Amino acid sequence: MKNFQKLLTACLAAIALAAPSAGAWTQRSAPDGATVLVLEKGRSTVVEAELKFATLVVADPEIADAMATSNRSFFLRGKLPGTTTVLIYNAAGEIAELIDVEVELGLDELRTDLKNLLPGEDINVYAVHDGVFLDGKLTTAAAADMALQLAERHVPGGVANGMSVGQNQQVLLEVRFVEASRSAVKEIGFGNSFDARDVVGVTESGTVSGIAEKTIALFTNVGGENVDITLRALEQKGVIRTLAEPNLVALSGDTASFLAGGEYPIPVATKDNQISVEFKKFGVSLDFTPTVLGDGLVNLRVRPEVSALDRANGIRSAGIEIPGISVRRADTTIELHDGQSFAIAGLLQNDYSNDVRQTPWIGNVPVLGQLFSSKRYQKNESELVIIVTPRLVQPASHPDRLGSPLDAFAEPTEAELFLLDQTAIVPLAN
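What counts, and at which threshold
- Residues numbered from 1 in each chain as written.
- Predicted model: local features only at pLDDT ≥ 70, side-chain atom pairs only at ≥ 80, totals over all residues.
- Heavy atoms only, no water.
- Helix = DSSP H or I, 4+ residues; strand = E, 2+ residues; numbered from the N terminus.
- Buried < 20%, exposed > 50% of the residue type's maximum accessible area, 1.4 Å probe, protein only.
- Contact = heavy atoms within 4.5 Å.
- Areas by Shrake-Rupley, 256 points an atom, 1.4 Å probe, with all protein chains shown as cover.
- Polar contact = N/O pair within 3.5 Å; in protein donor to acceptor, adjacent residues only side chain to side chain.
- Pairing = 2+ DSSP bridges.
- Axes fitted to C-alpha atoms, helices over the stretch in contact; angles between N-to-C directions.
- Salt bridge = Lys/Arg side-chain N within 4 Å of Asp/Glu carboxyl O.
- Phe/Tyr/Trp six-rings, centres within 6.5 Å; stacked < 30°, edge-to-face > 60°.
- Core = buried A, V, L, I, M, F, W, Y, C linked by side-chain atoms within 4.5 Å.

### With respect to the overall build of the chain
Secondary structure summary: the chain contains four helices and 22 strands in total. Put simply, the chain has 430 residues, and 27% of those count as buried. Sequence separation of at least 24 residues holds for 61% of the intrachain contacts in the chain that already meet a minimum separation of 6. Carbon together with sulfur atoms contributes 54% to the accessible area of the chain, which is approximately 28500 Å² in total.

As structure tokens, this is what we get:
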């Protein structure tokens, strides 16, 4: 009996060890060496299953999307770069098949666009996770910028730039402000005085502007009476010529600025009735951004300006005199080849004015009324042109090859300064 109990206990233990535990699980995956289904982002394909299936499940629906077209085929579309698995279940609810899917970026179209739009440029395109990496040495910065723009159209926000420009190109911009102003002022005024039989009359002969004038006596002592007629006239002519030639060098694609002048203070009232000071720039300034496009063609965004204080148009407030400012400014974008020039701005201004002052009633009398009037004529003409010239430049091999403003002058000796009044000596050319 005891032997039978021992045998029964051993059999029950063997059965318990052979039975699977309630918490056991089984991991399933695609068999080793199975082919991975590769699909481009945005592309679709139809997949044929080995056996009939009842249900399809995509492990990560953000990467791919599947839709059954029959009980043995399904439609698969790539959505985002990455990897996922398609699980195929049979009618019994068991996994019949596992298909690994890899969605990658389609770079063939990008490579074709780069080749067609930028022929001759060496650009390599690599897929990096959910973006692309561009590599290569290009001839110009403009070509590199265009390649980046094309890649952004294909992969928005997923472009890494590893491209370089074969040789940094520097642009020297020469700007010339040429302005000529002409003015002419003519004034004439008649005055008279007479003394006849205790009747005395005087007419002032000053000119309209009140500027110092020349006086000429026309005639006096007519008959037995004392009559004086005077002519006071003024004529002014003037020519003003302004020339500024700022030059500035910048790297292709970068912005450079230049200012030769100064800043003048302007009082500004604040909210708490306090006075603060702001400074405004004036003088010759230049801002420009060059972009070398290739074959010596340069795209220029140029903003030249010449300004000067103009006290004639200033204001006076609370005992503070604030000068006005006259400005000649241009802001434009042009394209030129190396060494070409372009007049980017021009102005022709012609101002005319006249003024007549006369004694009431008498001044309207024909012929005689001219002796009781003053006239003023003023004409101003102004011409302005701004010329720009870009040049592709390279650094000098030695500092001695670069000139300076002091090369044309030398300091005089004490004897030359005090005895010969020479403030500068022009050295002889070598």
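### Considering the side chain of S73
Mapped onto the fold, S73 is located in strand β5 (residues 73-78). You can call S73 buried: its relative accessible area is 7%. Among the polar contacts listed, one links the side chain of S73 to the side chain of T69, at a separation of 2.7 Å.

### So, the sheet that holds strand β7 (residues 95-104)
One open sheet accounts for four strands, arranged β1-β7-β6-β3; its pairing is mixed. Edge positions in the sheet fall to β1 (37-40) and β3 (55-58), since each has one partner strand and no second. Here the strands of the sheet are splayed against their neighbours by 25° on average, with no regard to which way each runs. The sheet contact formed by β1 and β7 spans four bridges and is parallel. Within β7, the position partnered with V38 by the bridge is E102.

### Here's the deal with the sheet that holds strand β9 (residues 131-138)
Pairing in this open sheet of three strands is mixed, and the strands run β8-β9-β10 from one edge to the other. This sheet does not close on itself; its edge strands, each paired only once, are β8 (124-128) and β10 (159-165). Ignoring which end each strand starts from, the neighbouring axes of this sheet average 15° apart. In the sheet, β9 pairs with β10 via seven bridges, with the strands oriented parallel. Following the sheet pairing, K137 is matched in β10 by S164.

### Some details on the pattern of salt bridges
Taken as a whole, this structure holds seven salt bridges when the rule is applied. The salt bridge involving E174 is made with R391; its shortest N-O contact spans 3.1 Å. Here E174, found in strand β11 (residues 170-196), pairs with R391, found in strand β22 (residues 373-393); they are 217 residues apart in sequence, far enough to count as distant. The partner of R301 in a salt bridge is D331, with the nearest N and O atoms 2.9 Å apart.

### Looking at the packing of aromatic side chains
Scanning the model with the defined rule gives three aromatic pairs in all. Aromatic side chains Y126 and F133 sit 6.5 Å apart centroid to centroid with 35° between the ring planes, which places their arrangement in the tilted category. The class for Y126 is partly exposed, based on a relative accessible area of 41%. With relative accessibility at 29%, the residue F133 sits in the partly exposed group. Residues Y264 and F282 carry aromatic rings whose centres are separated by 5.9 Å and whose planes lie at 55° to one another, so their mutual orientation is tilted. In this pair, Y264 sits in strand β16 (residues 256-269) while F282 sits in strand β17 (residues 275-294), placing the two residues 18 residues apart along the sequence.

### Some details on the pairing of strand β6 (residues 82-89)
Strand direction decides the pairing type here: β3 and β6, joined by four bridges, are antiparallel. Bridge pairing in β6 links V57 to L87. Where β6 meets β7, eight bridges bridge the pair, whose relative direction is antiparallel. Bridge pairing links T83 to E102 in β7. The turn joining β6 and β7, which pair antiparallel and follow one another in sequence, is formed by five residues; a positive phi near 85° is taken by G93.

### Concerning the nonpolar core
In summary, soluble globular proteins display a tendency toward joint burial of nonpolar side chains. Membership of the largest hydrophobic core comes to 22 residues, with the highest contact counts inside it found for L173, V175, F288, V302, I344 and V388. Listed by contribution, the elements that provide at least two residues to this core are β11, β15 (247-251), β17, β18 (297-317), β20 (332-337) and β22. I344 has contacts with V302, P304, A330, T332, I334, I386 and V388, leaving out every residue within four places of it along the chain. Core analysis: the second largest hydrophobic core is formed by 17 residues, V132, L138, A144 and M163 among them.

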